[in-house]
Amino acid sequence: ALERTFSIIKPDAVAKNLIGAIYNRFESAGLKIVASKMVHLTREQAEGFYAEHKERPFFGALVDFMTSGPIMVQVLEGENAVLANREIMGATNPADAARGTLRSDYANSIDENAVHGSDALASAEREIAYFFSAEEICPRTR
Ligand code: CMP
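The model shown is predicted, which means the values in this text are computed figures rather than measured ones.

Caption draft 1: Just the overall build of the protein, in detail. Looking only at helices and strands, the protein features seven helices and four strands. The globule rule puts the C-alpha radius of gyration for 142 residues at 14 Å, and the 14 Å found for the protein is close to it. For the C-alpha atoms alone, the extent of the protein along its principal axes is close to 40 × 35 × 25 Å. Considering the protein as a whole, with its 142 residues, one finds that 46% of them fall into the buried category. Summarising the internal contacts of the protein: among those between residues at least 6 apart in sequence, 77% fall at separations of at least 24. Of the accessible surface of the protein, which amounts to about 7400 Å², a share of 51% is contributed by carbon and sulfur atoms. Charged side chains of the protein number 15 positive and 20 negative; the gap between the two group centres comes to 4 Å.

In structure tokens, the structure reads:
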């Protein structure tokens, strides 16, 4: 089915000048960017976005890292976009990520792992709404 998913290019990958390379992976796989912007998260924004991880031991480090520099947030649209983006990204831990995936090619560690992508359709809807208003999303008819 035609889906939308939410994606982040994290501070490590922005700092390495990888925005274009990563957008190329999305577009080459047939995913269309239907919304996009650069933001530098406040602690409050990062804590809210990752609220489900609040009790995890890595939560503080995650918020520190995600607020350490600007990120790119985008909405990707395409057939089975949620799963397609997860395949492009590879496993959360770059040590486990398949060759040719974004995490395998660009991530330093499980903490600084280059990209985030929604893990399911329901989280995609929630995450998209966290960053984008309806007017900021541009449906693509061609
Ligand atoms: P992300 O998809 O952005 O969601 C939460 C992030 O926490 C995850 O990617 C990782 O970068 C980071 N993280 C750090 N340690 C862990 C861990 N043990 N399990 C899952 N995520 C972790």
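Caption draft 2: Representation of the UniProt feature "active site" (unreviewed entry) in the protein in the model. Within the UniProt annotation, "active site" (unreviewed entry) is assigned to H116. Relative to the elements of secondary structure, H116 occurs in strand β4 (residues 115-117). If sequence neighbours within four positions are ignored, H116 has contacts with F6, S7, I8, K10, F49, Y50, N85, M89, R103 and E127.

Caption draft 3: A look at the pattern of salt bridges. Here the structure, examined in full by the defined rule, presents seven salt bridges. The partner of R25 in a salt bridge is D105, with the nearest N and O atoms 2.7 Å apart. Of the two residues, R25 sits in helix α2 (residues 19-28) while D105 sits in helix α6 (residues 102-106), which places them 80 residues apart along the sequence. Taking relative accessible area as the criterion, R25 reaches 24% and is therefore assigned partly exposed. D105 gets classed as partly exposed once you look at its relative accessible area, which sits at 38%. The partner of E47 in a salt bridge is R43, and the shortest N-O contact between them spans 4.0 Å. Remark: R43 and E47 occur in helix α3 (residues 43-49); sequence separation between them is four residues, near one turn of the helix. Overall, E47 belongs to the partly exposed group, its relative accessible area being 29%. Exposure remark for R43: the relative accessible area of 40% places this residue in the partly exposed category. Sharing partners across several salt bridges, the network here consists of R43, E47 and D64.

Caption draft 4: Spotlight on unusual backbone geometry. For N17, which is not glycine, the phi torsion reads 60° and is therefore positive. Along the chain, N17 turns up in the loop between α1 (11-15) and α2. Classification of N17 as exposed rests on a relative accessible area of 70%. Despite not being glycine, N80 shows a phi value in the positive range, around 50°. When you line up the elements, N80 lands in the loop between β3 (71-79) and α5 (81-89).

Criteria and cut-off values
- Residues numbered from 1 in each chain as written.
- Predicted model: local features only at pLDDT ≥ 70, side-chain atom pairs only at ≥ 80, totals over all residues.
- Heavy atoms only, no water.
- Helix = DSSP H or I, 4+ residues; strand = E, 2+ residues; numbered from the N terminus.
- Rg over C-alpha atoms; globule rule 2.2 N^0.38 Å.
- Buried < 20%, exposed > 50% of the residue type's maximum accessible area, 1.4 Å probe, protein only.
- Contact = heavy atoms within 4.5 Å.
- Areas by Shrake-Rupley, 256 points an atom, 1.4 Å probe, with all protein chains shown as cover.
- Lys, Arg positive; Asp, Glu negative; His and termini not counted.
- Charge placed at Lys NZ, Arg CZ, Asp CG, Glu CD.
- UniProt positions renumbered as here; feature names shortened; annotations may be inferred.
- Salt bridge = Lys/Arg side-chain N within 4 Å of Asp/Glu carboxyl O.

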